[in-house]
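One letter stands for each residue in the lines below.
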Amino acid sequence: MKKTFAFSIYCLMFSPVAFAATPWWQQPTVCRLDPTDCYSKMGAGYDAELWDSTSQCWGMKLICPDALVAEEYQPVAIGRTEIASGNKIKEDFDPDILNGDCFGVRKTTSNGTMASVNGEYVRVWCNGILDNADEYLPNGEITYGAQPTCSDLAEYGYIAVENNRCYGKYYDMAKYYIECNGNDIMPSRLIVLNGADYTMSSGNAPADKDAANDIFDKMESVSQTQREKYFKN
């Protein structure tokens, strides 16, 4: 509702004798529009012409559709008291941050590498890592459901460590072996293959997983010895 149709009534009752010498339009018994603004500055993301009856002032914030509890397809003007209550805005969104022409962006932390989903912070994955991303953020993508496991990531050569401002660091599978443990998100070990061609068949190939792990343990031990020998601090 525009200012021409909505107003706050300020009417005080006084004795007419006390104001007999004062022009009627200046007397406090005259109903006047309340000129108070809800916000000190109202540019993008505000409608300065709307009357906020919940706070008795002019101007409302336009909240983005994605931030609203109710399904909407365009920004909705909401009063200050309603915004503060949190009843109309999803807990994962911050109504104080401008998102183009409306307010409400998904909450993030750790320099944007973690994002709030259903009240909990999850990793923001680098673009292209998730098979089916649910939402794209400035730093990457997120999923609303189950987070990828170490095995899910290792299949494509990734591990769940920070890579600039998102998660998912790539390791060449011809040079590294990513060892996972169950459904843990982090690998139990990252083993350097030392240039070995694991695609070639060998007469002394390990008979089972335990034998293979024993070989990798020995390789890791040799790498550690060589590193200490040639790369001293």
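Residues numbered from 1 in each chain as written. Predicted model: local features only at pLDDT ≥ 70, side-chain atom pairs only at ≥ 80, totals over all residues. Heavy atoms only, no water.

**Some thoughts on the overall build of the protein**
Stage number 1. What the protein contains, in helices and strands, is three helices and 14 strands.
Stage number 2. Every one of the 233 residues in the protein was classed for burial, and the buried ones make up 32%.
Stage number 3. A separation of at least 24 residues holds for 40% of the contacts in the protein among residues at least 6 apart in sequence.
Stage number 4. In the form shown here, the protein has an accessible surface area of approximately 15,300 Å², with 52% of it arising from carbon and sulfur atoms. (Helix = DSSP H or I, 4+ residues; strand = E, 2+ residues; numbered from the N terminus. Buried < 20%, exposed > 50% of the residue type's maximum accessible area, 1.4 Å probe, protein only. Contact = heavy atoms within 4.5 Å. Areas by Shrake-Rupley, 256 points an atom, 1.4 Å probe, with all protein chains shown as cover.)

**Describing the environment of T36**
Stage number 1. By secondary structure assignment, the location of T36 is in the segment before β1 (46-52).
Stage number 2. For T36, a relative accessible area of 40% corresponds to the partly exposed category.
Stage number 3. For T36 and G59, which are 23 residues apart along the polypeptide, the C-alpha to C-alpha distance reads 9.3 Å.
Stage number 4. Each residue touching T36, except ones within four places of it in the same chain, is listed here: C57 and W58.

**Focus on the pattern of salt bridges**
Stage number 1. For the coordinates displayed, the defined rule picks out six salt bridges.
Stage number 2. Residue D92 pairs with R106 through a salt bridge whose shortest N-O separation is 3.9 Å. In this pair, D92 is assigned in the loop between α1 (80-85) and β4 (93-99) and R106 in strand β5 (residues 102-106), connecting sequence segments 14 residues apart. The pair formed by D92 and R106 is uniform in burial state, with each residue classed as buried.
Stage number 3. The closest approach of N and O atoms between E135 and R106, which form a salt bridge, is 2.7 Å. On the criterion of sequence distance, the pair formed by E135 in strand β9 (residues 135-137) and R106 in strand β5 is long-range, its members being 29 residues apart. Taken as a pair, E135 and R106 share a single burial class, namely buried.
Stage number 4. When salt bridges with common partners are traced through the structure, they connect D92, R106 and E135 into a single cluster. (Salt bridge = Lys/Arg side-chain N within 4 Å of Asp/Glu carboxyl O.)

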